[in-house]
Amino acid sequence: MIYIKRKYYLIYVLAVVAICPGCEKNIEPPKEFVLPSKNIRNIIVDKNGTKWITTDKGIVSYDGSALTEYPNESSFNDDAASRLVLEEGQATYKLWLCSGNGLSAFESSEKKITNFTIYNTNNSGILSDSVSALDIDLHGTRYIATSLGLSIFSGINWLDYYGQAANKILQNYKITAVAAAKNSWIYVSTKGGGVSRFKYLDAVSGATTFTEEWSSGLKSNNILTVEVVDDTCQWYGTDKGVAFHMNEHTKSGWINYSRADGLVCDTVNAIAKDLSGNIWFGTPKGISKLSNNIWETFTTKNGLVSNHINAIAVDLDGSVWVGTDKGISHYISNRWKDIQEKTTE
């Protein structure tokens, strides 16, 4: 039985709308496409092409023809990431919401809600109600970043994980991102402690830590984001540029890029790989694209609505959606188009 209360209204409405297919082609947003807030936290694109946009005043979705706004919730007004994570199966569709009030999930199938759950410290084994990031591996195991460490949920059992026993970086430093690779490695980045890498099946194995001192590849232990590409390769955004790690070996296969190489700013908040293989880097001073070792930078002078980039998402047609502190910029047909905050009469 599903109880629809005011507290859960946002997720319920999302579940009803999420199952509606979006258009397969990217249609330009209608003129009434407006946002509840200019401060964009996260953007994801589902398999139907629907864009899910998290702001600090709620969520909007855009399916290619219509924009839907969902009620404001207090969880969007705290310091948590307010991130959305998509989990798609053949017959099911699930969205996960990370916030300062715990982890929310809903599942829909055949236009009916079949499951709805809110995970918090009162009803689950999660370490903390403050959830900053989440990723899901090929086995369906969830890796949940909290303010007190990493909670691993297999669907049945909960496990608390803090990193290697010698340093426990996931307990001592803020977790900034989680990325599950197809080769079963899990990468958890932190602000100040580097990266915790491990594998998990029935237990944690192969645990190691990437740090500036140990790996000789990271230029900073302040890792702001991590993006896994091509199964074994990882991109790390730091406060001293980006690091590319091209294999599974801790101390080899590292390349670093900074402003001296063409990056617009050494603080990298977001990374995404587009359908052409280009890598996009979002920074507080604009966005840079790396294509075949050639750098190209975009700022407000080139059409961005703001230089402060918080999120990057690649659409099904290869276009790029960029979330900033002043709205969204959409890069399509080699030019930028802006979607900003709605005005108040």
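Preceding this paragraph is the structure being described.
Residues numbered from 1 in each chain as written. Predicted model: local features only at pLDDT ≥ 70, side-chain atom pairs only at ≥ 80, totals over all residues. Heavy atoms only, no water.

J.: I keep staring at the overall build of the protein and nothing clicks. Help me out?
T.: Along its length, the protein carries three helices and 28 strands. Taken across its 345 residues, the protein has 53% of its residues classed as buried. Taking all contacts inside the protein whose residues are at least 6 apart in sequence as the whole, residues at least 24 apart take part in 45%. (Helix = DSSP H or I, 4+ residues; strand = E, 2+ residues; numbered from the N terminus. Buried < 20%, exposed > 50% of the residue type's maximum accessible area, 1.4 Å probe, protein only. Contact = heavy atoms within 4.5 Å.)

J.: Got a minute to help me understand the side chain of Thr-225 in this structure?
T.: Structurally, the position occupied by Thr-225 is in strand β17 (residues 223–229). Residue classification places Thr-225 among the buried positions, given a relative accessible area of 12%. The contacts of Thr-225, once residues within four sequence positions are left out, are Thr-176, Ala-177, Ser-189, Trp-235, Tyr-236, Gly-237, Val-268, Asn-269, Ala-270 and Ile-271.

J.: In this structure, what is going on with the pairing of strand β28 (residues 335–339)? I would like to understand it.
T.: Looking down a regular strand, the side chains alternate between one sheet face and the other. Across five bridges, the pairing between strand β27 (residues 327–332) and β28 is antiparallel. Across the sheet, His-330 pairs through a bridge with Lys-337, a residue of β28. Two successive antiparallel strands, β27 and β28, enclose a turn made up of two residues, where Ser-333 displays a positive phi of approximately 55°. (Pairing = 2+ DSSP bridges.)

J.: Honestly, the sheet that holds strand β23 (residues 286–291) in this entry has me stumped. Any pointers?
T.: Sheets are built from strands that pair by backbone hydrogen bonding, the pairs being arranged parallel or antiparallel. In space, the four strands of this open sheet follow the order β21-β22-β23-β24, with antiparallel pairing throughout. The outermost strands of the open sheet, each flanked by one partner alone, are β21 (270–273) and β24 (294–298). Each neighbouring strand pair of the sheet contributes to a mean axis angle of 20°, computed without reference to strand direction. (Axes fitted to C-alpha atoms, helices over the stretch in contact; angles between N-to-C directions.)

J.: Sorry, what's going on with the sheet that holds strand β10 (residues 142–146) here?
T.: Spatial strand order, β9-β10-β11-β12: four strands in an open sheet with antiparallel pairing. For this open sheet the edge positions go to β9 (131–136) and β12 (158–161), each flanked by a neighbour on one side alone. With direction set aside, neighbouring strand axes in the sheet form an average angle of 20°. As paired elements, strand β11 (residues 149–153) and β12 share four bridges and run antiparallel to each other. For Ile-152, the partnering residue across the bridge sits in β12 and is Leu-159.

J.: Just to check I follow, could you spell out the pattern of salt bridges for this structure?
T.: Close approach of charged atoms lets side chains of opposite charge pair. Within the structure shown, the criterion is met by three salt bridges. A salt bridge links Lys-273 to Asp-230, with the shortest nitrogen-to-oxygen separation between them at 2.8 Å. Taken as a pair, Lys-273 in strand β21 and Asp-230 in the loop between β17 and β18 (233–238) lie far apart in primary sequence, 43 residues in all. Using a relative accessible area of 29% as the deciding quantity, one classes Lys-273 as partly exposed. Two residues, Glu-296 and Lys-289, come together in a salt bridge whose shortest N-O distance is 3.6 Å. (Salt bridge = Lys/Arg side-chain N within 4 Å of Asp/Glu carboxyl O.)

In short, the description is geometric, and any link to function would need to be established separately.
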